[in-house]
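Topology and contacts: notes
This is what each chain is made of:
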Amino acid sequence: MLRLQLGSADLCRVRFADRLHPVANALLAGQWLRDPTVAALAPALAERAVAAEGTPAAQAATAILRHLLPGQGRLPDFVTPFAGLESVEAGLEAIRATPARRVRAEVTMAYADTPVSPLRRRFAAADPEVLDLFGGAVRAWFDAVLEPHWAELTSAYRQQVAAASQRLAQHGLARLFSGLHPGIRWREPVLEVHTWWDGDLPGTGHGLILLPSPLAGPRPRVLLQQGHPILLVYPVVMPTLGASAAADSLGRLLGVTRALVLRRLAADGGLTTTVLSRSVGISLSSASEHAHALRTAGLVASVREGGAVRHHLTSLGASLLRGPSGDAGESVPTAGQAARWPPVLP
């Protein structure tokens, strides 16, 4: 458990990132999709990643990234930089600009339980040729897997930020923190984050940037660097990528998460608030809020059973999911370039 001691200077500067970071999300997704259980939450991306490996460029990119980066846990911070939000190339330039001493320290820490290889040793030494190879792999993997869905992921991000911002405006900072993710808890003045490392750390005095991402993996991630705001990337539900026009309309009407809650109830029948929160991947309080809003709209009916509340789809909710054509649409899932590319892996 990471415990962040946030002072008034940090709490007065809590804000959301302008947009998703192309390079950081490519690397997080590349790591995340290795876990079959977690990849089941994003079948469209998982299928595209598998299909892309049939092409030489993407196959080489996947091999390089899997060889150079840990299969799970904390990534070296420099590969998910603060700068470079504008594009993949901007993100790769930020990575290349990392001082060699920092690259060595962070890669060495990441490789603590990883066998040594010539390529890994050169990566840890910040060898420019290997950094270019790494950049080419990132570019090829992003183009093959994420780029076709990037507009949808960006749209879902904006909806997540809008919903969280509304919660902040209506209920305050404590309610905002409590609704981000089950692994994030606010115990004033400490923000507890169940991430990949433990410790007690002070804030930087430069604020806190929140970044909801469906590609973060199973746990929140924290990037903390003196002189910069703390960056907190937390998992949110994956939108239904490549959905039908009716499904896209429903997401625009209700919001991505609320539409997913409705589809989950349609797929699984009556669910308690606790089970609903786990199946959709949102906090218990968020699941309760979404169920209440859907119930108020007449789309969901809720029945108390002992100490739990079970939610069911109403006929109106079922009709909305079917759409005007009577088709329920797609089902909801359960859970810089190198000079020569693709290269020959050393």
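Residues numbered from 1 in each chain as written. Predicted model: local features only at pLDDT ≥ 70, side-chain atom pairs only at ≥ 80, totals over all residues. Heavy atoms only, no water.

1. Considering the packing of helix α2 (residues 22–32) against helix α9 (residues 128–146)
Contact geometry of α2 with α9 gives a least axis separation of 10 Å together with a crossing angle of 80 degrees. Relative to α9, α2 is oriented roughly perpendicular. Across the interface between the two elements, P22, V23, N25, A26, L27, A29 and G30 from α2 touch F134, V138, W141, F142 and L146 from α9. Split into classes, the residues belonging to the contact of α2 with α9 amount to 10 nonpolar, two polar and no charged. (Axes fitted to C-alpha atoms, helices over the stretch in contact; angles between N-to-C directions. Helix = DSSP H or I, 4+ residues; strand = E, 2+ residues; numbered from the N terminus. Parallel < 35°, antiparallel > 145°, perpendicular 65-115°, else oblique. Contact = heavy atoms within 4.5 Å. Nonpolar A, V, L, I, M, F, W, Y, C, P; charged D, E, K, R; others polar.)

2. Describing the pairing of strand β10 (residues 300–305)
In the sheet, β10 pairs with strand β11 (residues 308–313) via six bridges, with the strands oriented antiparallel. In the strand pairing of β11, V300 is matched with L313. Counting the residues that bridge the hairpin from β10 to β11 gives two residues, and of these G306 lies at a positive phi of roughly 65 degrees. (Pairing = 2+ DSSP bridges.)

3. Here's the deal with the sheet that holds strand β4 (residues 190–193)
Ordered by their spatial adjacency, four strands build an open sheet running β3-β4-β1-β5, and the pairing between neighbours is mixed. With one partner strand each, in any of the chains shown, β3 (184–187) and β5 (199–202) form the two edges of the open sheet. Each strand of the sheet is rotated relative to its neighbour by a mean of 20 degrees, with strand direction disregarded. Across four bridges, the pairing between strand β1 (residues 2–5) and β5 is parallel. Residue R3 lies in a different strand from β5, and its bridge partner there is D200.

4. Remarks on the layout of surface pockets
Of the pockets and cavities examined, the largest pocket occupies roughly 560 Å³. Lining of the largest pocket is provided by 27 residues; of these, A163, A164, R167, R258 and H290 occupy positions nearest its centre. Those elements giving two or more residues to the lining of the largest pocket turn out to be α10 (150–171), β8 (230–235), α13 (256–268) and α15 (284–296). The leading source of residues in the lining of the largest pocket is α10, at nine residues. Of the volumes computed, that of the second largest pocket is approximately 450 Å³. If you go around the second largest pocket, you meet 26 residues; those closest to its centre are T80, L211, L223, L231 and V233. At the level of elements, β2 (14–16), α2, β6 (208–213), β7 (221–223) and β8 are the ones that each hand at least two residues to the lining of the second largest pocket. Considered class by class, the residues forming the lining of the second largest pocket number 16 nonpolar, five polar and five charged. (1 Å grid on protein atoms, 1.4 Å probe; cavity = no way out; pocket = protein on both sides within 12 Å on 5 of 7 lines; lining within 4 Å. Points joined across faces, edges and corners; volume = space filled by probe spheres on them.)

5. A closer look at the environment of R258
One can find R258 in helix α13. Separated by 36 residues in sequence, R258 and L294 have C-alpha atoms that sit 7.9 Å apart. Only 3.0 Å separates the side chain of R258 from the side chain of H290, close enough to count as a polar contact. (Polar contact = N/O pair within 3.5 Å; in protein donor to acceptor, adjacent residues only side chain to side chain.)

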